[in-house]
Amino acid sequence: MHAQGNTAGHARDQATAFSHQDHPGYEAQDRPAYEGQEHAGYDGRDHGGYDGRDHGPYEGQERAGYDGQERAGYDGQQDHAAYDAPEHAAYENRDTGGYDDRAGYEPTLPDQPSPALRLAGRDDPPTIELGPPLPLPDPAAPTYPYPAPGPGEPPGPVYVVGDVHGYLEELRAALHGQGLIDADGHWSAGRARIWFLGDFTDRGPDGIGVIDLVMQLAAEAAAAGGYCRALMGNHELLFLGAAKYGDEPVQSTAGTASFLAAWRLNGGQQNDLDRLEAHHISWLSRLPAIALEDDHLLLHSDTTAYLEYGESIPDVNDAVHGLLSDGSVDEWWDCFRRFTKRFAFRGDAGPTAVHELLDTYGGSRIVHGHSPIPYLTGAVHADDGQPPHIPGPYVYADDLAVAMDGGVTMEGRLLVARLPVN
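Residues numbered from 1 in each chain as written. Predicted model: local features only at pLDDT ≥ 70, side-chain atom pairs only at ≥ 80, totals over all residues. Heavy atoms only, no water.

**Details of the packing of helix α3 (residues 207-223) against helix α7 (residues 278-285)**
Counted only if it meets this: Only the stretch in contact is used when fitting a helix axis, every axis being a line fitted to C-alpha atoms; angles between N-to-C directions are given from 0 to 180 degrees. Only DSSP runs of H or I reaching four residues or more are called helices, and only runs of E reaching two or more are called strands; each is numbered from the N terminus. Geometric relationships in this document are graded by angle, where less than 35 degrees denotes roughly parallel, more than 145 denotes roughly antiparallel, 65 to 115 denotes roughly perpendicular, and other angles denote oblique. A clockwise turn of the near helix away from the far one marks a right-handed crossing, whereas an anticlockwise turn of less than a right angle marks a left-handed crossing. Any two residues having at least one pair of non-hydrogen atoms within 4.5 Å are treated as being in contact. Here the term charged refers only to Asp, Glu, Lys and Arg, the term nonpolar to Ala, Val, Leu, Ile, Met, Phe, Trp, Tyr, Cys and Pro, and the term polar to all other amino acids, Gly among them.
Between α3 and α7, whose axes approach to 11 Å, the crossing angle comes to 70°. In this view, α3 runs roughly perpendicular relative to α7, as classed from their interaxial angle. The handedness of the crossing between α3 and α7 comes out as left-handed. Counted together, I208, I211, D212, V214 and M215 of α3 and H279, H280, W283 and L284 of α7 form the full contact between these two elements. Tallied by class, residues from the contact of α3 with α7 come to six nonpolar, two polar and one charged.

Below is the structure:
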């Protein structure tokens, strides 16, 4: 299946979307690697086999599952170490199944003082005169998060971008391939709208470069009548926590940990922390956690944990922003842990979980990042030892969910797709 990538008068072929019906050998319910996950006993959240507790400092699920589980690899099986390696104690120049050999990869550097940890001591910028208050808007008038179209002019097309994880050059190539930026890396998409689904940093070589590019495109898009925004991913929470709290202890059920230790063990690059500045922190801290665009509910994580922060999109975003502004280190840690959960939309109970979010927040389909498509499809280990084949976005959960993390950190693809994906 193909989604068309048209921007500002250009027609381009989109990455092929595929579904579990198209993937040979995919068995959503009974693959051995998936046992103990969300399929059995679904209770309206994404626990099914995961008890919602953080078993250690690494992405909230460190002992018996995926994404930071230092003991038994993905889903408790050691043969998935190739992707688990960035998430657990085997990371950092240990046996990672070939991950450290990826071209351009730089291992985490030893502990070094970071200027980002001293940002709190800087003087505040001078106060800007705000002027008289603006008139209240007409509540009956339509609103746009970008310049309103002229008479009869529709908004531009919507694009979504999956997890980037510091792979700046791959991001530039993917955006240029869709005609969204020019050869020099500047906005060329006119009134198009782009949503980044989060996870800009960690694992790859240039997370700060990725953030700088997205901030640049946001300004250029607005000037052109378009729109470029981003969601907050769990790695944004982890990165901000490492910068703010460093080695300050946090309490988890598996013992005392810290944001800085968890960030390093989940692929944090010291070069990013050294280059983190106040304007990066301000921008990252204000990213929304959830959004609705053209009837698509946009999330970073494939989890129902958003329901624990509010019954509307503004409520969720206000709760997360309030926590980042005034919350304690343990409240930050708990938020990070919740948004690290995954796989809620997979298996027999998946459509029920999707409907629970759509019925609460609106929209007819969820689009998310966070969980790499090779793990959703079961294609993480190719028989010939080659990198996983990712033809495009992955449509699943009775066509109610679209996964956009193409697994760039495991030699997959960095996906950019125009909505709707068919």
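Anyway, onward from the coordinates.
**Notes on helix α8 (residues 313-326)**
What counts here: A helix is expected to span 1.5 Å multiplied by its residue count minus one. Relative accessibility thresholds used throughout: buried, under 20% of the residue-type maximum; exposed, over 50%; partly exposed, between the two (1.4 Å probe, protein chains only). As used here, the arc is the angular range of directions from the helix axis to the C-beta atoms.
Helix length check: α8 (14 residues) gives 20 Å between terminal C-alpha atoms against 20 Å at 1.5 Å per residue, within 8%. Those residues of α8 that fall on the buried side of the exposure criterion are I313, V316, N317, V320, L323 and L324. On an axial view of α8, the arc spanned by its buried residues comes to 125°, and they lie on one face. Those residues of α8 that are exposed and aimed more than 90 degrees away from the buried face are P314, D318, S325 and D326. Packing partners of the buried residues in α8 comprise α4 (234-245), α7, β7 (290-293), β8 (296-299), α9 (329-338) and α10 (350-361).

**A few points about the pairing of strand β3 (residues 193-196)**
Along any regular strand, the residues point their side chains to alternate faces of the sheet. The condition is simple: Orient the strands so they point away from the viewer; a crossover is then right-handed if the path from the first strand over the helix to the second runs clockwise. By this definition, two strands are paired if DSSP reports at least two bridges between them.
Along β3, one buried face is formed by R193 and W195 and the opposite face, lined by I194 and F196, is buried too. For the segment spanning strand β2 (residues 158-161), helix α2 (residues 168-177) and β3, crossover handedness is right-handed. Looking at chain direction, β3 and strand β4 (residues 227-230) are connected through four bridges and run parallel. In the sheet register, I194 faces β4, and the bridge partner there is C228. Since β3 and β4 lie parallel, the crossover through α3 that links them has a hand, and here it is right-handed.

**Focus: the pattern of salt bridges**
Rules: Salt bridge, as used here: a side-chain nitrogen of Lys or Arg that lies within 4 Å of a carboxyl oxygen of Asp or Glu.
Evaluated as defined, the whole model comprises nine salt bridges. One salt bridge in this structure joins E293 and R193, with 2.8 Å as the shortest N-O distance. Of the two residues, E293 sits in strand β7 while R193 sits in strand β3, which places them 100 residues apart along the sequence. Assessed through its relative accessible area of 6%, E293 is described here as buried. Relative accessible area serves as the criterion here: at 4%, R193 is assigned to the buried category. A network of salt bridges, in which partner residues are shared, links E308, D334, R337 and R338.

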